[in-house]
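What the coordinates show
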Amino acid sequence: MGFYIMILSFLLGIFFTILGVSRWKRNVLYKLFIVLGIILILFAVYLARPH
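Residues numbered from 1 in each chain as written. Predicted model: local features only at pLDDT ≥ 70, side-chain atom pairs only at ≥ 80, totals over all residues. Heavy atoms only, no water.

Structurally, Lys-25 can be placed in the loop between helix 1 (2-22) and helix 2 (28-48). In the structure, Lys-25 is positioned 16 residues away from Ser-9 in sequence and 25 Å away in space, judged by C-alpha atoms. (Helix = DSSP H or I, 4+ residues; strand = E, 2+ residues; numbered from the N terminus.)

Its location among the elements puts Trp-24 in the loop between helix 1 and helix 2. Overall, the relative accessible area of 42% leaves Trp-24 in the partly exposed class. Placed ten residues apart in sequence, Trp-24 and Ile-34 show a C-alpha to C-alpha distance of 8.3 Å. Sequence-distant contacts of Trp-24, that is, excluding residues within four places in its chain, are made with Tyr-30, Lys-31 and Ile-34. (Buried < 20%, exposed > 50% of the residue type's maximum accessible area, 1.4 Å probe, protein only. Contact = heavy atoms within 4.5 Å.)

Below, the discussion takes up helix 2. Helix length check: helix 2, at 21 residues, gives a terminal C-alpha distance of 31 Å against a target of 30 Å (1.5 Å per residue), a fit within 8%. Along helix 2, the residues that are buried comprise Tyr-30, Phe-33, Ile-34, Gly-37, Leu-40 and Ala-44. Projected down its long axis, helix 2 carries its buried residues within an arc of 135 degrees, all on one side. Every exposed residue of helix 2 that faces more than 90 degrees away from the buried side is listed here: Val-28, Leu-32, Ile-39 and Leu-42. (Expected span 1.5 Å × (residues − 1). Arc of directions from axis to C-beta.)

Turning our eyes to something else, we now look at the UniProt feature "transmembrane region" (unreviewed entry) in the protein chain. The UniProt feature table records "transmembrane region" (unreviewed entry) at residues 6-22 and 29-48. In this annotation, residues 6-22 is assigned 100% helix and 0% strand; the end-to-end C-alpha distance for the span is 24 Å. End-to-end, the C-alpha atoms of residues 29-48 are 29 Å apart, and along that stretch the chain is 100% helix and 0% strand. (UniProt positions renumbered as here; feature names shortened; annotations may be inferred.)

So, in structure tokens, the structure goes:
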């Protein structure tokens, strides 16, 4: 189950980061997408660590 959460978090993080970076001048919401994407990528990296 953790593997699927890691993959989903990583893919959503990449999507939100790319979406936010491509439209960051339009709205504050896109800047929040960048932050959310980075948090999701860091969470995926945390889940990928060997325990």
